[in-house]
Each structure stands twice: as C-alpha cells, then as structure tokens.
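Chain by chain, the residues run as shown.
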Amino acid sequence: MSHDHDHDHSELSDVELRVRALETLLTDKGYIDPPALDALIETYETKVGPKNGAMVVAKAWTDPEYHARLMSDATAAIAELGFVGRQGEHMVAVENTPGTHNMVVCTLCSCYPWTVLGLPPVWYKSAPYRSRAVRDPRGVLSEFGVTLSDETEIKVWDSTAEVRYLVVPQRPAGTEGWDEAQLAALVSRDSMIGTGLALAPSERESAA
Amino acid sequence: MTLPDAVTSMPRLPLDQDGEPVFSAPWEARVFAMTVQAHEAGVFEWREWADQLGAELAKDGDGRNVSLSYYDHWLSAFEKILKEKGVAGADQLAGLKEAWDEAARATPHGQPIELKR
C-alpha cells in the first residue's frame, strides 16, 4: 500500500470498495444471499496463502538463527520469506514452551494477519470466541480438543489494528531430522492461532 | 464443496495442489464466490463469463508484463458482465463505492464497517 496507514479511521482499498459495492447491489437485487456467500467462502478459509505461516514456523524450528530473528523482529523475519502484510501490520511471534501456551484473539474486531495465516476461520470473528477466549481460555481450548496440563500457563494475546500475533507451536516429538517442507505440513492454521497444536507425525499420516 | 468442472478449468485460475481455488486476499474469495452465486442465480451463462474473463486476461498480452493480478482482471470482468446484463449500472456501483468509502472513513479503526442507509 502506498498510502500512509491512518490509525484514526478505517480505510478500504479501491478493490475492496468495488467488491463491497457489488455485494450490496447484488444483495439488494436478490441475486446473492450473504449467508450463502459466507458459507461458500468458508470452504476456502484455509485457501488464502495456505502455507505461508507454516513455512515460517518450520524454518524457525530448524534454523536457530532464523528463530532468533523471528522472536526479535517477526515482521522482518516473515518478510524475509516474502510474506508482507498488505495492511502494514506489525507482527509479533510468541512461542509455546512446555510451560506456556499462547493463544490469539482480537476482542475489538477480528484483526487477522491473513497474508501469513490465510483467511480467518469464521469462529475467529464470533462474539463467543472473542469474549470467552479471554475469560476462559482453558475451556475454549478444551472445546478445540486441546487439553493442557494444569501447570501450563496460558497467555492470551489480544490483537489490535497495529499488532498481530503468530504463535510458534512446539515442535512435535519424533520429527528429528525432518526438513522444513515435511515440518511445515504439521503446522496447522489453528496451531498458529494457538487453538490447536502442531500435528504429530502419526496424525499427519492419518490426515493424508 | 465441489465446483463444476467449468469453474476449475478456467484458464490460469490459481489452484492449489488439491485443485481447489486459492486466493491471495479475502476480497478475491468474495468476488469469486459472488460470481459463482450470480451464475447460479441465472445472471449469465458460464460460457459468457469465461469469454468476458478471457477478454480481460488477454489484456496482459503474453503475460510477461503483468501488473494486475488474476483477480484484478476477474473483478473488472465481473463488473462488465453485470453492466452488460443490465444488473449493475456504472453509476449505481460508483454511488455505492462512494458510500462504502464514506462509511469506512467514519468508522474508528478496528470496528466493523457498516453501510448506513
């Protein structure tokens, strides 16, 4: 984007305005149905930049110097791989450890680094996720099938218009010697939001 | 969801390894989905759409000097076919575009942008 990023009000790009104008008109005339449109788009929610973030994580797992750069300046480290946010957002990487689990939410809106993570899942924008993730992160995680030990501290990061987070999940056991491409296949979108864990090698086989 | 072959066999349509459309921005998915719905609503035949999109893509020539993305062309082609079918006049779209622009500027950053009418 060439224009200055303005933090006081929202701004839509020319193409975004054209798309919204079309959607309003076609909805008014009854040619499209927004809920059906959302449902159709939902089928592609993982189809925007599907593996960008996963490649970042896999590289951080295998390259200690890249890992250090990612943790100190995620925006620059992600840009090294050619992934640049169109909204000029600042990225921060937060890393899961045996004692700490990170999870991302945006209580204000649904700010989401889609150039890195792809289209946001529909639940990410839902009011229940946004409010409960802060109040009861352990409960929300268990609904996603993630059970953490009571000793594990859960940190919830609230995105803003200016700062977006990337969770670096823990590298699964049994992946010693794997290359970046193999590892990237284990990194799900949800694991980079913190509502999931990276897949175990056995899960990858059953998912394939 | 299974898309008709006519959709996934569009020339140069970006597809992933599973043969599903892949997008580089949310608006691309939105205009793609709107096109599929407008077609299903009978606004145009898929062949007509393919011709319209093909004409836009042809503007890239040999493809070596591409400044517009595939979906930039898609969006232009969609606007044109709707105009030709008498569904969306250029004036109507320009008015709505302006209304959305005003709505965005009146919305504090981070809050959902809604069109007040």
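That block above? That's the structure.
Reading guide: rules and limits
- Residues numbered from 1 in each chain as written.
- Chains lettered and ligands numbered in written order.
- Predicted model: local features only at pLDDT ≥ 70, side-chain atom pairs only at ≥ 80, totals over all residues.
- Heavy atoms only, no water.
- Helix = DSSP H or I, 4+ residues; strand = E, 2+ residues; numbered from the N terminus.
- Buried < 20%, exposed > 50% of the residue type's maximum accessible area, 1.4 Å probe, protein only.
- Areas by Shrake-Rupley, 256 points an atom, 1.4 Å probe, with all protein chains shown as cover.
- Contact = heavy atoms within 4.5 Å.
- Phe/Tyr/Trp six-rings, centres within 6.5 Å; stacked < 30°, edge-to-face > 60°.
- Lys NZ or Arg CZ within 6 Å of the ring centre and 35° of its normal.
- Core = buried A, V, L, I, M, F, W, Y, C linked by side-chain atoms within 4.5 Å.
- Arc of directions from axis to C-beta.
- Pairing = 2+ DSSP bridges.

(A) Representation of the overall build of chain B within the structure. Counting secondary structure elements, chain B contains five helices and zero strands. Beginning at the N terminus, the succession of helices and strands in chain B can be written as α-α-α-α-α. Expressed as a percentage of the 117 residues in chain B, the buried residues total 44%. Element-wise, carbon and sulfur atoms account for 49% of the exposed surface of chain B, whose accessible area totals about 6100 Å².

(B) Seen up close, the overall build of chain A. When you go through chain A residue by residue, the secondary structure sums to 11 helices and four strands. Taking all 208 residues of chain A together, the buried fraction comes to 47%. Put simply, of all contacts in chain A between residues at least 6 apart along the chain, 67% involve residues at least 24 apart. Within the structure as shown, chain A displays about 9600 Å² of accessible surface, and the carbon and sulfur contribution to it stands at 52%.

(C) Focus on helix H3 (residues 52-62) of chain A. Taking burial as the measure, the 11 residues of H3(A) include nine buried ones, the bulk of the element. Where H3(A) is concerned, the buried positions are Asn52(A), Gly53(A), Ala54(A), Val56(A), Val57(A), Ala58(A), Lys59(A), Ala60(A) and Trp61(A).

(D) Just the packing of aromatic side chains, in detail. Summed over all chains, the structure comprises 10 aromatic pairs over all chains. Each ring, one from Phe32(B) and one from Trp74(B), has its centre 5.5 Å from the other, and the planes form 40°; the classification is tilted. In this pair, Phe32(B) is assigned in helix H2 (residues 26-40) and Trp74(B) in helix H4 (residues 70-84), connecting sequence segments 42 residues apart. The exposure classification of Phe32(B) matches that of Trp74(B), with both residues buried. Arranged with centres 6.1 Å apart and planes meeting at 50°, the rings of Tyr70(B) and Trp74(B) form a pair that is tilted. One end of the pair is Tyr70(B) and the other is Trp74(B), both in helix H4 and four residues apart, which spans about a single turn. The pair Tyr70(B) / Trp74(B) is uniform in exposure class, with both members buried. A cation over an aromatic ring shows up here: Lys59(A) above the ring of Tyr66(A), its NZ or CZ 5.5 Å from the ring centre.

(E) Broad picture of the nonpolar core. Membership of the largest hydrophobic core comes to 46 residues, with the highest contact counts inside it found for Trp49(B), Tyr71(B), Trp74(B), Phe78(B) and Leu82(B). Those elements giving two or more residues to this core turn out to be helix H1 (14-28) and helix H2 (34-42) of chain A together with H2, helix H3 (46-57), H4 and helix H5 (90-105) of chain B. Setting aside residues no more than four positions away along its own chain, Leu82(B) makes contact with Leu22(A), Leu26(A), Val43(B), Phe44(B), Val87(B) and Ala88(B). Formed by 41 residues, the second largest nonpolar core is a distinct cluster that contains Ala54(A), Ile78(A), Val116(A) and Ala133(A).

(F) Examining helix H7 (residues 127-135) of chain A more closely. Residues and elements named next belong to chain A. Within the span of H7, buried status applies to Tyr-129, Arg-130 and Ala-133. Summarising the axial view, the buried residues of H7 lie within an arc of 100°, below the 170-degree limit, and thus occupy one face. Exposed positions of H7 whose direction lies more than 90 degrees from the buried face are Ala-127, Pro-128 and Arg-135. Those residues of H7 that are buried are in contact with strand S2 (100-105), helix H8 (137-143), strand S3 (153-158) and helix H10 (189-193).

(G) The arrangement of the pairing of strand S4 (residues 163-168) of chain A in detail. Residue and element names in this part refer to chain A. Of all six residues in S4, five are buried, a share of seventy percent or more. Strand direction decides the pairing type here: strand S1 (residues 90-95) and S4, joined by six bridges, are parallel. The residue bridging Ala-93 from the neighbouring strand is Leu-166, located in S4.

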